[in-house]
Amino acid sequence: MSGVALLEVSNIVVRFGGVTAVGGVSFAVDDQQICGLIGPNGAGKTTLFNCISGIYQPNEGDIRFRGEMVTGQPRHRMIGLGIGRTFQNLALFRSLSVRDNVLAGAHHLGRAGFIACGLHLPWVGREAARLDAEAQRLMAMLDLTAVAEVPVASLPFGTQKRVEMARALIGQPRLLLLDEPAAGLNHGEVDELAGLLRRVREGFNLSILLVEHHMNLVMNVSDKVVALDFGRKIADGTPHDVRNDPDVIAAYLGEAPHERAA
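Rules used in this analysis
- Residues numbered from 1 in each chain as written.
- Predicted model: local features only at pLDDT ≥ 70, side-chain atom pairs only at ≥ 80, totals over all residues.
- Heavy atoms only, no water.
- Salt bridge = Lys/Arg side-chain N within 4 Å of Asp/Glu carboxyl O.
- Helix = DSSP H or I, 4+ residues; strand = E, 2+ residues; numbered from the N terminus.
- Buried < 20%, exposed > 50% of the residue type's maximum accessible area, 1.4 Å probe, protein only.
- Core = buried A, V, L, I, M, F, W, Y, C linked by side-chain atoms within 4.5 Å.
- Domains from an automatic or database assignment.
- Contact = heavy atoms within 4.5 Å.
- Pairing = 2+ DSSP bridges.
- Axes fitted to C-alpha atoms, helices over the stretch in contact; angles between N-to-C directions.
- Arc of directions from axis to C-beta.
- Polar contact = N/O pair within 3.5 Å; in protein donor to acceptor, adjacent residues only side chain to side chain.

The protein is annotated in an unreviewed UniProt entry as ABC transporter ATP-binding protein of Neoroseomonas lacus.

Pasting the structure below:
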């Protein structure tokens, strides 16, 4: 592992009008690391995700990915650099099949334009076959092969979440951002998700940054955990250290900042 972190978030500030949603947050994610980002509702987790994935531009601070400054880059640029993402509220093409939704995540990898497709050039067919083979591999890994041709709208919520993950993975990310992957899942599905995240990390040699309220999942799969409260970082370390941090315990017990011990 090199001395440069895969993702470096430095002093990020995001304001909406007079409200500071994220107030000077810094942390890093190393190569092939699973990092959990936790905090009560309104702590700024999703806002920070939106900055990293190019949806929001921070008012202050810098974001570096693989050593390159990417602060304020548009979302399509982040995808091309190797940052993939899923959403808390699913962003799937509901009338399309599972296969077509997965393939939609590879649009930035394709080289075939309108003219090349119209001329039926041989390499166009080879490219399509390669992407379809990768889609099949991902669907097998995420237990989606049996529903490959089924419209996603007719599938259970947990299955749709795996479709969205497959769509992000086909884009060949080095960093996968997962926004509430366990939301809406039952206990058994959460246990399966934990194993899946480990397999994805190992099978794709990528890092995962996940926002999640399910504490057992975060603490079981993460190599490190970053905790936010009221838009500020209150802890950063191993799952054991963060779980036992007094500020984290106070945040989840609902104490106001001025009520906490100095």
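Taken as a whole and assessed by the stated rule, the structure comprises eleven salt bridges. Put simply, Arg15 and Glu60 hold a salt bridge, and the shortest N to O gap is 2.7 Å. A residue pair is termed long-range when its members are at least 10 positions apart, and Arg15 in strand 1 (residues 7-16) and Glu60 in strand 4 (residues 60-65) qualify at 45 residues. Residue Glu60 is classed as partly exposed on the basis of its relative accessible area, which comes to 38%.

Formed by 37 residues in total, the largest nonpolar core has its most connected members in Val98, Met165, Leu169, Leu176, Val200 and Ile208. Within the residue set of this core, elements represented by two or more residues are helix 3 (98-104), helix 5 (122-141), helix 6 (157-169), strand 7 (175-179), helix 7 (187-204), strand 8 (207-211) and helix 8 (215-221). Counting contributing residues per domain, this core is built from domain 1 (1-82 + 173-262) and domain 2 (94-170), each supplying no fewer than three. Other than its neighbours up to four places away in sequence, Leu176 contacts Gly84, Arg85, Met165, Ala168, Leu169, Val200, Leu206, Ser207, Ile208 and Leu209. If you look at the next biggest cluster of nonpolar residues, it comprises 28 residues, including Ile12, Val22, Ile63 and Val70.

What follows is about the sheet that holds strand 5 (residues 68-69). The pairing of strands in a sheet comes from backbone hydrogen bonds and takes either a parallel or an antiparallel form. Reading across the sheet, the four strands line up as 2-1-4-5 and stay open at both edges, with antiparallel pairing between neighbours. Strands with a single pairing partner mark the edges of an open sheet, and in this sheet they are strand 2 (19-29) and strand 5. With five bridges joining them, strand 1 and strand 4 adopt antiparallel strand pairing. Bridge pairing in strand 4 places Val13 opposite Glu60. Lying over the sheet, helix 1 (residues 45-52) contacts strand 1, strand 2 and strand 4, oriented at roughly 115 degrees with respect to strand 1.

Let us look at helix 10 (residues 246-253). Think of an α-helix as 3.6 residues a turn; residues three or four steps apart then line up on the same face. Looking at helix 10, one finds that the buried residues are Val248, Ala250 and Ala251. The arc that holds the buried residues of helix 10, viewed along the axis, is 160 degrees, so those residues lie on one side. Seen from the buried face of helix 10, the exposed residues on the opposite side, beyond 90 degrees, are Pro246 and Leu253. Residues of helix 10 that are buried sit in contact with strand 9 (224-229), strand 10 (232-237) and helix 9 (239-243). Two or three places before Asp247, at the opening of helix 10, Asp245 has a side-chain oxygen 2.8 Å from that residue's backbone nitrogen.

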